Protein chains: 2
Amino acid sequence: MKIAIYGYGNLGRGVEAAVKYNDDVELVGIFTRRNPSTVKTVSGVRVYHADELKSFKNGIDVLIICGGSATDLPEMTPTLARNFNVVDSFDTHAKIPEHFNAVNEAARQAGTLALISSGWDPGLFSIARLYSSAVLPCGSDYTFWGRGISQGHSDAIRRIDGVVDARQYTVPVEEALASVRNGEAPELTTRQKHKRECFVVAADGADKARIEAEIKNMPNYFADYDTTVSFISMEELRSQHSGMPHGGSVIRSGKTGFSAENTHTVEFSLKLDSNPEFTGSVLLACARAINRKSKRGESGCITVFDIAPADLSPLSPEQLRAHLL
Amino acid sequence: MKIAIYGYGNLGRGVEAAVKYNDDVELVGIFTRRNPSTVKTVSGVRVYHADELKSFKNGIDVLIICGGSATDLPEMTPTLARNFNVVDSFDTHAKIPEHFNAVNEAARQAGTLALISSGWDPGLFSIARLYSSAVLPCGSDYTFWGRGISQGHSDAIRRIDGVVDARQYTVPVEEALASVRNGEAPELTTRQKHKRECFVVAADGADKARIEAEIKNMPNYFADYDTTVSFISMEELRSQHSGMPHGGSVIRSGKTGFSAENTHTVEFSLKLDSNPEFTGSVLLACARAINRKSKRGESGCITVFDIAPADLSPLSPEQLRAHLL
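What counts and how
- Residues numbered from 1 in each chain as written.
- Chains lettered and ligands numbered in written order.
- Predicted model: local features only at pLDDT ≥ 70, side-chain atom pairs only at ≥ 80, totals over all residues.
- Heavy atoms only, no water.
- Contact = heavy atoms within 4.5 Å.
- Buried area = accessible area lost by both parts, 1.4 Å probe.
- Salt bridge = Lys/Arg side-chain N within 4 Å of Asp/Glu carboxyl O.
- Polar contact = N/O pair within 3.5 Å; in protein donor to acceptor, adjacent residues only side chain to side chain.
- Helix = DSSP H or I, 4+ residues; strand = E, 2+ residues; numbered from the N terminus.
- Pairing = 2+ DSSP bridges.
- Axes fitted to C-alpha atoms, helices over the stretch in contact; angles between N-to-C directions.
- Least-squares fit on C-alpha atoms with pLDDT ≥ 70 in both.
- Buried < 20%, exposed > 50% of the residue type's maximum accessible area, 1.4 Å probe, protein only.
- pLDDT = per-residue confidence, 0-100.
- Parallel < 35°, antiparallel > 145°, perpendicular 65-115°, else oblique.
- Left-handed = near helix turned anticlockwise from the far one by under 90°.
- Nonpolar A, V, L, I, M, F, W, Y, C, P; charged D, E, K, R; others polar.
- Phe/Tyr/Trp six-rings, centres within 6.5 Å; stacked < 30°, edge-to-face > 60°.
- Lys NZ or Arg CZ within 6 Å of the ring centre and 35° of its normal.

Enquirer: Describe the interface of chain A and chain B, with residues and values.
Expert: Chain A puts 70 residues into the contact, and the matching count from chain B is 70 residues. Summing the contributions of chain A and of chain B, the shared interface buries around 6000 Å²; its carbon and sulfur component is 66%. Of all residues in chain A, the largest losses of buried area upon contact with chain B belong to A:Tyr21, A:Phe258 and A:Leu325, amounting jointly to 15% of the total for that side. The tally of links from chain A across to chain B stands at 0 salt bridges. Remark: the boundary between chain A and chain B carries 30 residue pairs in polar contact (both at pLDDT 80 or more). Within the residue set of the side of chain A that touches chain B, elements represented by two or more residues are helix 1 (10-19), helix 3 (96-110), helix 4 (124-135), strand 12 (246-256), strand 13 (262-272), helix 10 (275-295) and helix 11 (317-323) of chain A. Top contributing element to the side of chain A that touches chain B by residue count: strand 13 of chain A, with 11 residues.

This is the structure we're talking about:
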């Protein structure tokens, strides 16, 4: 399978790193909107300008689009689906139906196959929500994120006057997790589910009390959460908070029995050292499925819900039945 | 969707109980090889003799076969697949390829669709193994079972001279679980992964020391495990050990990165009050998928690996994308 990566940030590098663990995958190149001579890849794979993509129309089985959900993907994915099978990680949950329709129209017209909103949430977490709710129709779903770095919240802190740099960790509240795992099916407010830990490097002479107050009162991002703010040095930020860990849990607690007398808890959880590398690994497995489904004649837009698990694996159906079933 | 249940033991009752939580499912009846007048159903649904099944050929969309894997299913599933779409829970892992071939031949010839080896292991646990190994090709898989009742091990104890009744719990070793969850990828022996707790009611005057020794030294079942044996009264067995709880965890720990420098842990776990009711709920969701795939013209034998998650859910693709993705 020949793949290419479109966009070379953290996620693009995550896909690039995943290629070495998948013997059936060949990375044709990296495509960027920047000047290719300014981009050096970790693996040494060649970098092309995005404009050169057209000449690869028959040399790429699946194009993995590694752009941002806010402005890149709503434009890129429908456009690129006109010429390629594509996979993206669009993660603005509320806008998924709209994105789906735009990509579906482009892919159907072109006869290509597009997978949107892959990764781990949306992605593996969505799959866990679907399986557990199909099996336990009478129940409650919970998604906890973290402990992990939220890029959006870190950026929001960095925009505050007097802040040089910052990292924000989203942290599930242990008591809430324990109650859910215990099958108590609690009703939880935003504050009861997650807390936010902020590590901030302030400019020399900046008013730390004001910065802390601005963070804690920021609507949407922090005001609805119990938030802690720690001021640290740039050295500490670099040595202790340079990674991109993340993870979380999808838990469904549900009832069965003629009198709903039995409780069951289904949990899917992730603990990730590197969010972009794990996400890139998911996108690559999904690209394998897209390639197979496209070769079977499928076109249009699909999601992870439409992919049979067997299509993600390099193993044959016989091997899967003998060793993984 | 019209379903019927073939075989009315614990699992058959589990499927029967699951029907009330699935509005799109109608239970046509229960089919048994016993005298139907001796079988009383919990829900009041009608019981038929297995021989009457032929006359329902056009009135049942999917037949859920609730027989045992040792002798029932290898015979029943291929035979019943000649006239019906079927779902079974065949769980003798080593014999799955053989069972698959027999069922596949029968179903292909008849134009029916058959799903074998559904439930939670094989079933949801198999799916978890597949997703996590496809996403993290460089890694190690671990499956822990319990804490839960093992019917096979309980039966083995009951066959010992002087034993009136017994329950055996399979229990994962906490230290092993912790090490795996911590990404240490340990090599674990059988003894290091699980221990076995036995609760035994001995006959009056039976030699308890001999019974305990016979249990602990029983090859395959107990000799390779750390086993504890507690002698209790029949009253205590009935009041404290009458349930059928089970569960467990599938954990994959894997590496990513250009130098395999990052570790990720993916875990899928179940905590079940009632093993047969949960298994029955999985079979029912799978029956929905089989019905849909059969109506699309598919035939032959498949496994849970071949079912796209969306086919398990009563929700429409639009609802799934809007609410679960």
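Enquirer: Please provide a residue-by-residue account of the sheet that holds strand 1 (residues 2-6) of chain B, values included.
Expert: Residues and elements named next belong to chain B. Across the sheet, 7 strands lie side by side as 3-2-1-4-5-6-14; this open sheet has parallel pairing. The sheet is open, and its two borders are formed by strand 3 (47-49) and strand 14 (300-302), each paired with just one other strand. As judged from the 2 bridges shared by strand 4 (residues 62-65) and strand 5 (residues 86-87), these two strands associate in the parallel manner. When the bridges of strand 5 are listed, Ile64 appears paired with Val87. In this fold helix 1 (residues 10-19) packs onto strand 1, strand 2 (26-32) and strand 4, with an angle of close to 160 degrees to the strand it touches most, strand 1.

Enquirer: Residue-level account of the sheet that holds strand 10 (residues 194-202) of chain A, with values.
Expert: Residue and element names in this part refer to chain A. Here 4 strands make up an open sheet; going across it, the order is 8-9-10-11 and the pairing mixed. Two strands bound the open sheet, and with one partner strand each, they are strand 8 (148-149) and strand 11 (226-231). Sheet topology note: the strand 8/strand 9 (residues 163-172) ladder contains 2 bridges and is antiparallel. Residue pairing in the sheet places Gly148 in a bridge with Thr170 of strand 9. Packed onto the sheet, helix 5 (residues 151-158) meets strand 8, strand 9 and strand 10 and runs at close to 145 degrees relative to strand 9. The strands that helix 8 (residues 208-216) touches are strand 9, strand 10 and strand 11; relative to strand 11, the one it contacts most, it runs at about 150 degrees.

Enquirer: Give me the relation of the copies chain A and chain B: which residues, what numbers.
Expert: Each copy of the sequence occupies a distinct position, and chain A is placed on chain B by a rotation of 180 degrees and an axial shift of 0.0 Å, giving an RMSD of 0.0 Å. Such a turn and shift between the copies fits a two-fold axis. Of the residues that chain A buries at the interface, 100% are likewise interface residues in chain B, meaning the two copies contact each other through the same surface.

Enquirer: If you had to explain the environment of B:Glu212 to someone new, which residues and values would you point to?
Expert: Residues and elements named next belong to chain B. Mapping Glu212 onto the fold places it in helix 8 (residues 208-216). Given the relative accessible area of 25%, Glu212 is considered partly exposed. For the pair formed by Glu212 and Val25, sequence separation is 187 residues and the distance between their alpha carbons is 48 Å.

Enquirer: I'd like a rundown of the confidence of the model for chain A, residues and numbers included.
Expert: The share of residues in chain A with pLDDT of 70 or more is 100%, and the mean pLDDT across the chain is 97. Predicted as a complex, the structure gets a pTM of 0.96 and an ipTM equal to 0.96.

Enquirer: Run through the packing of helix 1 of chain A against helix 10 of chain A, naming residues and quoting values.
Expert: All names here are of chain A. At a closest axis distance of 7 Å, the pairing of helix 1 and helix 10 adopts a crossing angle of 60 degrees. Judged by the angle between their axes, helix 1 and helix 10 are oblique. In the packing of helix 1 onto helix 10, the handedness of the crossing is right-handed. Along the contact surface, helix 1 presents Asn10, Leu11, Gly14, Val15, Ala18 and Val19, while helix 10 presents Pro276, Glu277, Thr279, Gly280, Ser281, Leu283 and Leu284. Taken together, the residues of the contact of helix 1 with helix 10 break down into 7 nonpolar, 5 polar and 1 charged.

Enquirer: Please give an account of the packing of aromatic side chains that cites residues and values.
Expert: Counted under the stated rule, the structure contains 13 aromatic pairs over all chains. Plain terms: the ring middles of A:Tyr48 and A:Phe56 are 4.8 Å apart, the flat faces sit at 65 degrees to each other, and that makes the pair edge-to-face. Just as A:Tyr48 is buried, A:Phe56 falls in that class too. With a centroid separation of 6.3 Å and an interplanar angle of 75 degrees, the aromatic rings of A:Tyr131 and B:Tyr131 are classed as edge-to-face. Remark: B:Tyr131 occurs in helix 4 (residues 124-135) and A:Tyr131 occurs in helix 4; the pair is interchain, linking two chains. The burial state of A:Tyr131 is the same as that of B:Tyr131; both residues are buried. Ring pairing ties together the aromatic residues A:Phe31, A:Tyr48 and A:Phe56, which thus form one cluster. The ring of A:Tyr8 has A:Arg13 sitting right over it, with the charged end atom 5.4 Å from the ring centre.

Enquirer: How would you summarise the side chain of B:Thr170 if you had to cite specific residues and measurements?
Expert: Residues and elements named next belong to chain B. Mapped onto the elements, Thr170 comes out in strand 9 (residues 163-172). Taking relative accessible area as the criterion, Thr170 reaches 6% and is therefore assigned buried. In terms of polar contacts, Thr170 uses its side chain to reach the side chain of Arg196, at 2.9 Å.

Enquirer: Go over the side chain of A:Ser249 with me, naming the residues and quoting the values.
Expert: Residues and elements named next belong to chain A. Along the chain, the position of Ser249 falls in strand 12. A relative accessible area of 6% means that Ser249 is categorised as buried. A polar contact of 3.0 Å, which involves the side chain of Ser249, links it to the side chain of Glu267. Residues in contact with Ser249, not counting those within four places in the same chain, are Phe125, Tyr142, Thr143, Phe144, Arg181, Glu267, Phe268 and Ser269.

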